Amino acid sequence: MIGSLVSTGASTVTEFISQNIFGLDDPNWFMYLLCGVIAAVLVLHVIAVGALFFIWAERKIAGRIQDRLGPTRVGGKFGWLQTLADGVKLIAKEDFIPRDADAPLFKIAPYIAFAASFAAFLALPFADGAVAHHVNTAVFFVLAVLGLEVFGVILAGYASGSKWSLFGAMREAAQVVSYEVPLGMCVVIPVFVAGTMNLTTIGEMQAGWFNNWLVFHDPFTFIAAIVYFTCATASVNRAPFDLAEAESELVAGFHTEYSGLRWSFFFMAEYGSMFLVSALASILFFGGWHPPIPIDIWILEAFADPDLVAAGPLKDAVPSLVTFLVMLIGIATLVAKSVIGVVVMMWVRWTFPRLRIDQVMATCLKYCVPIAAVCFVGSMTWETLDLPSMNTINRYEIHEDWSEDLAVSTVGEDGVDPEWPEDENDDESSEVMDGEEAPIEEDSVAVQNGLSLQEGE
Amino acid sequence: MSTKVDDPRVIEFDVRTDEMLINMGPQHPSTHGVLRLILRTDGEIVSEVEPHLGYLHRCAEKIGENLTPRQWVPYTDRMDYLAGMNMNLGWALVVEKLLEHDLPEKARHLRVIISEMGRIASHLVGMGAYGLDLGTFSPFLYAFREREKILDLFEKACGARLTYSYLTPGGATGDLPPGWVDECRDFLAQFKPCIPEFHELLTNNQIFIGRTAGIGVMSAATAINYGCTGPVLRGSGVPYDLRFNGEERYTEMYEGYQFDVIVQDPETGKYPDPHLEEFGDDLDYPEIPKEAILGDCWHRFYVRMLEVVQAIRLVEQALDKYESASGDWGQPIKLTQKLPKGEAYLETEAPRGQMGFYLVSTGDSIPWRVRARSSCFCNLSVTSELCRGTLLADVPAIVGSLDVVMGEIDR
């Protein structure tokens, strides 16, 4: 039953805009570009507004943790416009570049950090269909692009011409590179269990009650989720791993010499990354955009057309407005889960002292890496032997479906390269992007709502 | 100690490597004001640390040679500005010693209340700022929240919150206002449960233990050789507290009080019983972690935390004694009181160690020579010894555990 809920999610925000706002099922290159720009602006605002919100939240949470009020004046009762006021102050500041600094590198460094953090959002699905760009290997893409952020930090430290900045940059380099290893290992576990690197598919595979979340797949994924969160905290430089900007040791670390807007870009990048790794944790381990109680499925079932239910995924059997509503619920759920992750990071930051550099390395190499490796092996064994699991979705069946799909598509569509099995369902979007003529297919319900393009059996 | 880069350069993997000289301070966030440390580092490893002083020098001693003793009291406030009351007390006692002036009983108990409250406030800052040095911000604000309440009490007593000038030669500038004693009791009652919270947040925290235990180990011999005093000395296991071991004029202030010198018992390896029954049953003090070595940063911090408890015990006893004592609060001496010819020197147990004042008079009302012996100056001098070969992050941890106040060092 639940297996049929899984759609392999093919549509993107760009297509959603072109289909539902402009009413174009097959936009020309200009309209597609326009829709893409709108989508990009939307995603940019997620990170910008997100950073705005998180900086305010951090101050407010820190205040509450420390028996203070936090901001109270700007923007009414809760000081929720405080970040904007801070931003205005930062913009008004002098754009100062130290004499010893390497000016071009110094200028470009914050943008590299910010761009890396922002670009990773491209492949991050907020719900089935709410993704800026559909990437088959989204997990890989997100991790790779997020790893680029460290370049900005190293450049900033090197170009500042300050010894403290250099210290911060070197610490960041050592720390982030080390933590990528256990982080990658932990990320690979859900990827293997789900059998795909596509974040949308991984998310869709956790539909239903919360026991379908991958964190409850077996004890090893549970531990892996905790290790992932630890490593993610370290790789986005949050306390207690914020050695690169350790203010009691390195003044302000890599951004010692930065001020004004450039400095704020580092902050935007930091908060963007925090949100990103939390969202990634939600998708990989904590059910993605599915609420712990399957409200979304109940809604779908309530509105489903009984004639169409048997024909394919549940999403194809409901009016597009309902699908849209479910997508909104999904986005809200994912954002809520991610915010919880970010709040936990803030909570940790305002509670614990900072680790020393050797302790940070020991945590990574002596604890995180072996634990992640054991979890990886254990989880794979569990999955291979098909040991009892709290998850009720039988992912094996889905995998088999894919191999059938693969066989069908290889036979059925000459000239179309069937890269990955789930990509077969993605042919419309990928071909639209490639500018090729999409082969005319039989009328499927998927085309009607434009959200879930999976074909029937 | 030389800070010139004169080492032969080292070739490592075909790259010429070199040691780096770094200025830590005087504007560095964790140097407790305006301390400047010159670090010689090889990567993260610090091979040499040289403290530089003098950024807060205000010629206090010279000013003291141009003012009468009572006029100089405000300048003592500004030495250890986190424990102004204890500075006032040291100066008041030395002037009284020269004048051979004896206090009424009530004034004696008032001084115990005020100076021990000052000790609590000072150790709270020491604790909170140490948390800051290790990268955690919240304990700092928790500590300041409690300190604010002590400052409120001080404000009610003397009108000032930082530079009190309350305890003056002859006694104090005024009696405690009506109701103050009860307010102080209320404060202590609500403050006691906070101490286990601080322990939970810092002393017992695994990260905190990892950062402090076994770091900056100072043997008793080193501590004595460098002239360290106060919690820094007692953290190394030397049972020396001027409230017990000091001059009679000072120790008689604490006559009839029950309290312990906080120092680890070399045989049992334990600290004196903190008398927790007075604090309620559900409170317990953290065990000494296995990693901790006597004389390390953790022990220095722990000694300070336990001294707060002893100070609370002292204040509670003093409040009872103050209420039933006879006499007045001690009228201050005249502003232009003539000093007898001669000299006097007295050391008191300030929160950060032994604060000594020296006074030479030629029979005038203005002293001929005034000298202050700073505890932090000696405590800081051991920095270069402790920091040798540690990691960069340990330098703030070690300097913070010495709990120096630059105002007192530079005077």
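The preceding data block contains the structure.
Residues numbered from 1 in each chain as written. Chains lettered and ligands numbered in written order. Predicted model: local features only at pLDDT ≥ 70, side-chain atom pairs only at ≥ 80, totals over all residues. Heavy atoms only, no water.

Participant: Quick question: what am I supposed to make of the pattern of salt bridges here?
Facilitator: Pairs can form between side chains of opposite charge once their charged atoms are near each other. All names here are of chain B. Taken as a whole and judged by the stated rule, the model has 42 salt bridges over all chains. Between E247 and K97 there is a salt bridge whose closest N-O contact spans 2.5 Å. On the criterion of sequence distance, the pair formed by E247 in the loop between helix 11 (242-245) and helix 12 (248-251) and K97 in helix 3 (residues 84-99) is long-range, its members being 150 residues apart. Judged by its relative accessible area of 32%, E247 falls in the partly exposed class. Using a relative accessible area of 25% as the deciding quantity, one classes K97 as partly exposed. Put simply, R373 and E347 hold a salt bridge, and the shortest N to O gap is 3.6 Å. (Salt bridge = Lys/Arg side-chain N within 4 Å of Asp/Glu carboxyl O. Helix = DSSP H or I, 4+ residues; strand = E, 2+ residues; numbered from the N terminus. Buried < 20%, exposed > 50% of the residue type's maximum accessible area, 1.4 Å probe, protein only.)

Participant: Would you explain unusual backbone geometry in this entry?
Facilitator: A negative phi angle characterises most non-glycine residues, just as the trans form characterises most peptide bonds. Residue and element names in this part refer to chain B. Phi at E100 takes a positive value of approximately 50°, unusual for a residue other than glycine. What makes E100 exposed here is its relative accessible area of 65%. Positioned with a positive phi, D403 is a non-glycine residue whose angle comes to about 50°. With respect to the element layout, D403 can be found in the loop between helix 16 (394-402) and helix 17 (406-410).

Participant: Which parts of the structure should I look at to understand the nonpolar core?
Facilitator: Within soluble globular proteins, side chains that are nonpolar generally end up buried alongside one another. Among the nonpolar cores identified, the biggest contains 119 residues, and B:M117, B:Y166 and B:F191 are the most heavily contacted of them. Sequence-distant contacts of B:F191, defined by excluding residues within four places in its chain, comprise B:I120, B:L124, B:E146, B:F198, B:V308 and B:I312. Among the nonpolar cores identified, the runner-up in size contains 79 residues, and A:A120, A:V145, A:V227 and A:M361 belong to it. (Core = buried A, V, L, I, M, F, W, Y, C linked by side-chain atoms within 4.5 Å. Contact = heavy atoms within 4.5 Å.)

Participant: So what exactly am I meant to see when it comes to the packing of helix 2 (residues 69-77) of chain B against helix 3 of chain B here?
Facilitator: Helix packing geometry: the angle between the two helix axes and the distance between the axes. Residues and elements named next belong to chain B. For the pair helix 2 and helix 3, interaxial distance at closest approach is 8 Å and the crossing angle is 150°. Between helix 2 and helix 3, the crossing angle belongs to the class labelled roughly antiparallel. Considering how the two elements wind past one another, helix 2 and helix 3 form a crossing that is right-handed. Residues P69, W72, V73, T76 and D77 of helix 2 touch helix 3, and the partners they reach there are G84, M87, N88, W91 and V95. The class makeup of the residues in the contact of helix 2 with helix 3 is six nonpolar, three polar and one charged. (Axes fitted to C-alpha atoms, helices over the stretch in contact; angles between N-to-C directions. Parallel < 35°, antiparallel > 145°, perpendicular 65-115°, else oblique. Left-handed = near helix turned anticlockwise from the far one by under 90°. Nonpolar A, V, L, I, M, F, W, Y, C, P; charged D, E, K, R; others polar.)

Participant: Would you explain the interface of chain B and chain A in this entry?
Facilitator: Taken together, the contact pairs 35 residues of chain B with 24 residues of chain A. On the chain B side of the interface with chain A, the three residues burying the most area are B:E44, B:I207 and B:R211, jointly 19% of the side's total. Run the count over chain B and chain A and you get three salt bridges. The partner of B:D394 in a salt bridge is A:R356, with the nearest N and O atoms 3.1 Å apart. Counting across the chain B and chain A interface gives eleven residue pairs in polar contact (both at pLDDT 80 or more). (Buried area = accessible area lost by both parts, 1.4 Å probe. Polar contact = N/O pair within 3.5 Å; in protein donor to acceptor, adjacent residues only side chain to side chain.)

What is shown is where atoms sit, not what they do.
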